[in-house]
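Chain by chain, the residues:
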Amino acid sequence: MITYANRIGRLPPYIFADLEKLQEDMARRGTDIISLGIGDPDFTPPSIVVESLKQALEEPGSHNYSSSAGESYFRQAVVDWYEKRFNVNLDVEKQVCALIGSKEGLANVGRALLNVGDEALLPDPGYPVYAQGATILSDANPVFFPLDPREDFQPNFSQMRVDGKSKLVFLNYPSNPTGAVADKSTLEKAVEFCRQHNLVLCYDNAYSETSFDSYRSPSVLQIDGSLECAVEFNSCSKMFNMTGYRVGFAVGNEKVISGLKKVKTQIDSGIPRFLQRAASAALNRYFENPLSKEREENNHVVKERLEILAQGLRKIGLKTSVPKATFYMWVNVGTDGAQFVRHLLNVGVVATPGGAFGKSCWDYVRFSVTQSTHRISDAVERISKLNLEDIRKAVPSPTWLACF
Ligand SMILES: Cc1ncc(COP(=O)(O)O)c(C=O)c1O
């Protein structure tokens, strides 16, 4: 009889895969679904990406194995981008590692750092990969710290439980799912806390380039002393609407980067060279037109969509505010989020129940505005048919899946 490793049994269902399947089933039955569930931008990658990709496909060696740590021209493009964007100087050999999307690195950093029974301190709510891909699949244990809405979803380091088993901390700003941004003092406190307790700070900056008006997301590597304890993850996925390409990078502490590279040499053979060429071209042209103008325009559209959605949700009685960054709207629905999502499905709208991101947020729902503005308006029209009072009166289900 085939049996799985115990760690597989510790994994909860990956809610986004379930949502995708549910959507497919409904579409097969002919229901027109507007998906505000998964955070996959509807914008196309900049034309420089596609052009460079086509050219790279003709280059000799383009189809051969790459290096799991990343080709030197790609790592150099990352170094140059960090210098221009954040004024942070990095060593191209020692402080940069290419990733097959930042998700891969966020998971593999656990393999590099966690021993059986170690603990990782994780935000609740937070991106599920920290608990599952990084921690549980490394036979370690997640220890959650709450992000309080009354504190703008910033961590309270003085209340974090640290013991001999604590090894690393994950932080993510701009945040998925809350849309909260980190002020500089949060990052300073995070670095100080990690240095004091000998912890590695894994800072997920995947949404650094999706922000509105004058807000510009910082890098944790801008904080003095961060290179002693921190590694930052970012990717071309949201930055250039290249989610399917799988191109990301980790930068920062030399020892952590070296450990990550060691793990990767045993598991993968790198991002295809032609994709690294395309991503390098985009990073190298990031600050020039037409790319920089296009990015600004896209961010403007995202903000407009968030405003349309916020207004629509307010009309049915929900409290909403438009975040400074990300394409997510995180809404307290005042009842079981899964129950609310089921009612949304009845009117043909998919969103993600807050419980997918942590136990503390069972009464939240996350909306992702990654459909056309026209479809977002349609979704708002559909949502206006919901009666919040009735939804709140309905009996909550114990798990989100039980609703469907
Ligand atoms: C907070 C956060 N980090 C990392 C990722 C992973 O992105 P990718 O692997 O495409 O770089 C995501 C994807 O949605 C995310 O929301």
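Rules used throughout
Residues numbered from 1 in each chain as written. Predicted model: local features only at pLDDT ≥ 70, side-chain atom pairs only at ≥ 80, totals over all residues. Heavy atoms only, no water. Pairing = 2+ DSSP bridges. Helix = DSSP H or I, 4+ residues; strand = E, 2+ residues; numbered from the N terminus. Axes fitted to C-alpha atoms, helices over the stretch in contact; angles between N-to-C directions. Contact = heavy atoms within 4.5 Å. Buried < 20%, exposed > 50% of the residue type's maximum accessible area, 1.4 Å probe, protein only. Core = buried A, V, L, I, M, F, W, Y, C linked by side-chain atoms within 4.5 Å. Near = heavy atom within 4 Å. Polar contact = N/O pair within 3.5 Å; in protein donor to acceptor, adjacent residues only side chain to side chain. Areas by Shrake-Rupley, 256 points an atom, 1.4 Å probe, with all protein chains shown as cover. Nonpolar A, V, L, I, M, F, W, Y, C, P; charged D, E, K, R; others polar. Phe/Tyr/Trp six-rings, centres within 6.5 Å; stacked < 30°, edge-to-face > 60°. Lys NZ or Arg CZ within 6 Å of the ring centre and 35° of its normal. Salt bridge = Lys/Arg side-chain N within 4 Å of Asp/Glu carboxyl O.

S.K.: Is there a simple way to think about the sheet that holds strand β7 (residues 230–235) in this case?
M.R.: As a general point, the strands of a sheet are linked pairwise by backbone hydrogen bonds and lie either parallel or antiparallel. Reading across the sheet, the seven strands line up as β2-β8-β7-β6-β5-β3-β4 and stay open at both edges, with mixed pairing between neighbours. Among the strands making up the open sheet, the edge pair consists of β2 (96–99) and β4 (141–146). The average angle at which neighbouring strand axes cross in this sheet is 25°, direction not considered. Of the pairings in the sheet, the one linking strand β3 (residues 119–124) to β4 comprises six bridges and is parallel in character. Looking across to β4, one finds that Pro-123 is bridged to Phe-145. Taken strand by strand, helix α4 (residues 72–86) contacts β2, β7 and β8 (248–252), and its axis lies near 65° from that of β8.

S.K.: Whenever I open this one, unusual backbone geometry confuses me. Can you help?
M.R.: For residues other than glycine, phi is negative in most cases, and the peptide bonds are mostly trans. Omega for the peptide link from Asp-124 to Pro-125 comes to 5°, which places this bond in the cis form. For Pro-125, the location among the structural elements is in the loop between β3 and α6 (130–135). In the segment running from Asn-176 into Pro-177, the intervening peptide bond is cis, with an omega of 20°. Among the structural elements, Pro-177 can be located in the loop between β5 (166–172) and α7 (184–196). Phi is positive for Asn-87, which is not a glycine, with a value near 60°. Assignment of secondary structure puts Asn-87 in the loop between α4 and β2. The exposure class of Asn-87 is exposed, given its relative accessible area of 61%.

S.K.: What exactly am I supposed to notice about the nonpolar core here?
M.R.: The nonpolar side chains of a soluble globular protein tend to be buried, and buried together. Grouped together as the largest cluster of nonpolar side chains are 70 residues, with contacts concentrated most on Tyr-82, Leu-201, Phe-240, Phe-249 and Leu-283. Ranked by residues supplied to this core, first place goes to α4 with seven residues. Ignoring anything within four residues of it in the chain, the contact list for Leu-283 reads Phe-74, Ala-77, Val-78, Trp-81, Met-239, Phe-240 and Phe-249. In this structure, Ala-310, Ile-316, Val-333 and Leu-386 belong to the second largest nonpolar core, which totals 33 residues.

S.K.: Mind showing me how you'd approach the site of the ligand here?
M.R.: Lining the immediate environment of the ligand, one finds 15 residues, of which Asp-204, Tyr-207, Ser-235, Ser-237 and Arg-246 sit closest. With respect to the ligand, the side chain of Ser-102 contributes an N or O atom lying 2.7 Å from an oxygen atom. Side-chain polar atom of Arg-246 to an oxygen atom of the ligand: 2.7 Å apart, as the coordinates give it. Look at the ligand: alone it shows 400 Å² of surface, and the protein chains cover 92% of it. Those elements that place two or more of their residues in the shell around the ligand are α5 (102–113) and α8 (236–239). Sort the elements by how many residues they give to the shell around the ligand and α5 lands first, with three residues. Of the residues contributing to the shell around the ligand, the split by class is five nonpolar, six polar and four charged.

S.K.: It is not clear to me how the packing of aromatic side chains should be interpreted in this structure. Could you clarify?
M.R.: Centre distance and the angle of the planes are the two values used to describe a pair of aromatic rings. The full count for this structure, using the stated rule, is 17 aromatic pairs. Ring plane angle 85° and centroid distance 5.6 Å describe the contact between Trp-81 and Phe-86, whose orientation is recorded as edge-to-face. In terms of burial, Trp-81 and Phe-86 fall into one category: buried. Centroid distance Trp-81 to Phe-249: 6.4 Å. Interplanar angle 65°. Geometry classified as edge-to-face. Here Phe-249 lies in strand β8 and Trp-81 lies in helix α4, a separation of 168 residues in the sequence. On the basis of relative accessibility, which here comes to 1%, the residue Trp-81 falls in the buried class. Grouped by ring-pair contacts, the aromatic residues Phe-74, Trp-81, Tyr-82, Phe-86, Phe-240, Phe-249, Tyr-286 and Phe-287 constitute a single cluster. Taking NZ or CZ as reference, Arg-277 lies 3.7 Å from the ring centre of Tyr-73, over its face.

S.K.: What should I look at first to understand the pairing of β5 in this one?
M.R.: In summary, the side chains of a regular strand alternate between the two faces of the sheet. Burial within β5 is extensive, with six of its seven residues counted as buried. Relative to strand β6 (residues 200–204), β5 is paired through five bridges, and the arrangement is parallel. Across the sheet, residue Phe-170 finds its bridge partner in β6, namely Cys-202.

S.K.: Honestly, the pattern of salt bridges in this entry has me stumped. Any pointers?
M.R.: Side-chain pairs of opposite charge can arise where the charged atoms are in close proximity. If you walk through the whole model with that rule in mind, you get 21 salt bridges. With a shortest N-O distance of 3.0 Å, Arg-161 and Asp-163 are connected by a salt bridge. Across the salt bridge formed by Asp-268 and Lys-264, the nearest N and O atoms sit 2.8 Å from each other. Where salt bridges share partners, they join Asp-32, Arg-375 and Arg-382 into one cluster.

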